Amino acid sequence: RSHIPLSGRNPALQEALGIRPHVLVLNKMDLADPRRQPVSAGGRAGPGRGAAVVVTEPAWAQSDSPVPLQVVPMVAGLVADSPRYHRAESCQHNILVIGVPNVGKSSLINSLRRLHLKKGKATAVGGEPGVTKAVLSGIQVCEKPLMYLVDTPGVLPPRLGDVEMGMKLALCGAIHDHLVGEDVMADYLLYTLNKQQQFRYVQHYRLGQACDHIEPLLKHVALSQGCTQKVKVLTGTGNVNMTMLNYPAAAYEFLRDFRAGRLGRVTLD
């Protein structure tokens, strides 16, 4: 994803790719900060040898955007220019789609299939990690050249040595929210927004000024969004039902607004 052009790349997958021809697809470019270039030709974020980069916006998921149309000829060209992977007489291309969880692999396959074959989706998609649970059979996405894509489950490293990288992955939905904690993620998100001087949240939530601490922000979100919960309080005269602010629900709203782009265009890396 363009939110995390560095943190969103599994080092183990990068090592496995080696010099194999591959295309790095950074989707949802409209949610990334346009002032921060996600990929440099020779920099750390570069795709490497025998590779190309494509950046996409969500328009490709619904319409005939020219961006995904570049993927098929780009893949065919990379394979054709690599003698090691172009030995068979058959012109059929079988491409593996890999990446961390919940970055749009299945959506990309469905989009290419719809654009080139005018057919409906062939693989399930969802807004949380773990929708694709097994390696599926090849899905045809193009006739000329004949190309099949294989959808795969998202793969994360067994251990995330960098806590900050893990937080970035969680903010983008690559890790289930409850495994990290919505309140912890919201706190880190507020820290990141303030650090990058991204104060769109002040306008969005109609705050008087930027917040240095997460508690007053979540309190304001809970009050404005009606995030409340009823709890029983034990008193000397019996149980009393009280309505209290639901801070986890407010944190979830904060995270959802970020993921939808309502808090501005942000690049976490």
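Everything numeric here is computed off the predicted structure, so don't read it as measured data. Residue indices follow the written sequence of each chain, beginning from 1 at its first position. Predicted model: local features are reported for residues with pLDDT of at least 70 only, side-chain atom pairs are reported and counted for 80 or more only, and whole-chain, interface and lining totals are derived from all residues. The side-chain quantities take in all heavy atoms of the structure and omit both hydrogens and water.

1. With respect to the confidence of the model for the chain
Our working rule: Along the chain, pLDDT gives the predictor's confidence residue by residue, from 0 to 100. Residue contacts are defined here by distance: any two heavy atoms, one from each residue, within 4.5 Å place the two residues in contact.
For the chain, per-residue confidence averages 78 on the pLDDT scale, and residues scoring 70 or more make up 79% of the total. When the criterion is pLDDT under 50, residues 40-46 qualifies, and its contacts beyond four places in sequence or with other chains add up to 9 contacts. Across residues 59-64, confidence stays below pLDDT 50; counting only partners more than four residues off in sequence or on other chains, it has 15 contacts.

2. Quick word on the sheet that holds strand 4 (residues 139-142)
The condition that has to hold: Pairing between strands requires that DSSP locate at least two bridges from one strand to the other. Only DSSP runs of H or I with at least four residues qualify as helices, and only runs of E with at least two residues qualify as strands; both kinds are numbered from the N terminus onward. Every angle, taken between N-to-C directions, lies between 0 and 180 degrees, and every axis is a line fitted to C-alpha atoms, over only the stretch in contact when it is a helix.
Pairing in this open sheet of 3 strands is mixed, and the strands run 3-5-4 from one edge to the other. Because the sheet does not close on itself, it has two edges, and the strands there are strand 3 (93-97) and strand 4. Here the average twist between neighbouring strands, direction ignored, is 35 degrees. The sheet strands contacting helix 4 (residues 105-117) are strand 3, strand 4 and strand 5 (147-151), and the helix crosses strand 4 at an angle near 50 degrees.

3. Observations concerning the side chain of Asp33
Applied cut-off: By the criterion applied in these results, polar contacts are pairs of N or O atoms within 3.5 Å in which, for protein atoms, one can donate a hydrogen and the other can accept it, and in which residues neighboring in sequence qualify only through two side-chain atoms.
Position of Asp33 relative to the elements: it lies in the loop between strand 1 (22-26) and strand 2 (51-55). Looking at Asp33, its side chain comes within polar contact range of the side chain of Gln198, at 3.3 Å. Excluding residues within four positions of it along the chain, Asp33 makes contact with Gln198, Arg265, Val266 and Thr267.

4. So, the nonpolar core
The criterion, for reference: Residues grouped as a nonpolar core are buried Ala, Val, Leu, Ile, Met, Phe, Trp, Tyr and Cys residues, joined through side-chain atoms within 4.5 Å. For every residue, the accessible area obtained with a 1.4 Å probe (protein chains only) is divided by the maximum for its type, and the residue is called buried under 20%, exposed over 50%, and partly exposed between those limits.
Among the nonpolar cores identified, the biggest contains 33 residues, and Leu171, Tyr201, Tyr205, Leu217 and Phe254 are the most heavily contacted of them. Breaking this core down by element, the ones donating at least two residues are helix 5 (163-171), helix 7 (182-195), helix 8 (200-204), helix 9 (214-225) and helix 10 (247-259). When neighbours within four sequence positions are excluded, Tyr201 is seen to be in contact with Leu190, Leu193, Asn194, Leu207, Ala210, Cys211, Leu217 and Leu263.

5. A look at the packing of aromatic side chains
Short version of the rule: To pair, rings of Phe, Tyr and Trp, with the six-membered ring standing in for Trp, must have centres within 6.5 Å; the planes then decide the type, stacked if under 30 degrees apart, edge-to-face if over 60, and tilted in the middle.
Per the stated rule, a full pass over the model turns up 2 aromatic pairs. With a centroid separation of 6.0 Å and an interplanar angle of 40 degrees, the aromatic rings of Tyr188 and Tyr191 are classed as tilted. Highlighted residues: Tyr188 and Tyr191, both in helix 7, separated by 3 residues, approximately one helical turn. Judged by relative accessible area, which is 45%, Tyr191 ranks as partly exposed. Between Tyr205 and Phe254, the ring centres sit 6.1 Å apart and the planes meet at 55 degrees, which makes this aromatic pair tilted. You can see Tyr205 sitting in the loop between helix 8 and helix 9 and its partner Phe254 sitting in helix 10, a full 49 residues away along the chain. Taking the relative accessible area as the measure of exposure, Tyr205 reaches 5% and is therefore buried.

6. Examining the pattern of salt bridges
Any two side chains of opposite charge can pair if their charged atoms end up close together. Quick note on the threshold: Salt-bridge detection follows one rule: a side-chain nitrogen of Lys or Arg within 4 Å of a carboxyl oxygen of Asp or Glu.
Using the criterion set out here, one finds 4 salt bridges in the structure. Two residues, Arg259 and Asp177, come together in a salt bridge whose shortest N-O distance is 2.8 Å. Of this pair, Arg259 sits in helix 10 while Asp177 sits in helix 6 (residues 177-180), and the two are 82 residues apart along the sequence. Looking at Arg259, the relative accessible area reads 21%, which means it is partly exposed. Between Asp257 and Arg262 there is a salt bridge; the shortest N-O distance is 2.8 Å. Given the relative accessible area of 6%, Asp257 is considered buried.

7. Description of helix 7
Residues spaced three or four apart along an α-helix point in a common direction, a consequence of the helix completing one turn every 3.6 residues. Let me state the cut-off plainly: In a helix, the anticipated span is given by 1.5 Å times the number of residues less one.
In this model helix 7 runs 20 Å from its N-terminal to its C-terminal C-alpha over 14 residues, within 8% of the 20 Å that 1.5 Å per residue would give. Regarding helix 7, the residues found buried are Met185, Ala186, Tyr188, Leu189, Leu190, Thr192, Leu193 and Asn194. One or two residues past the end of helix 7 sits Gln197, with phi positive at roughly 55 degrees.

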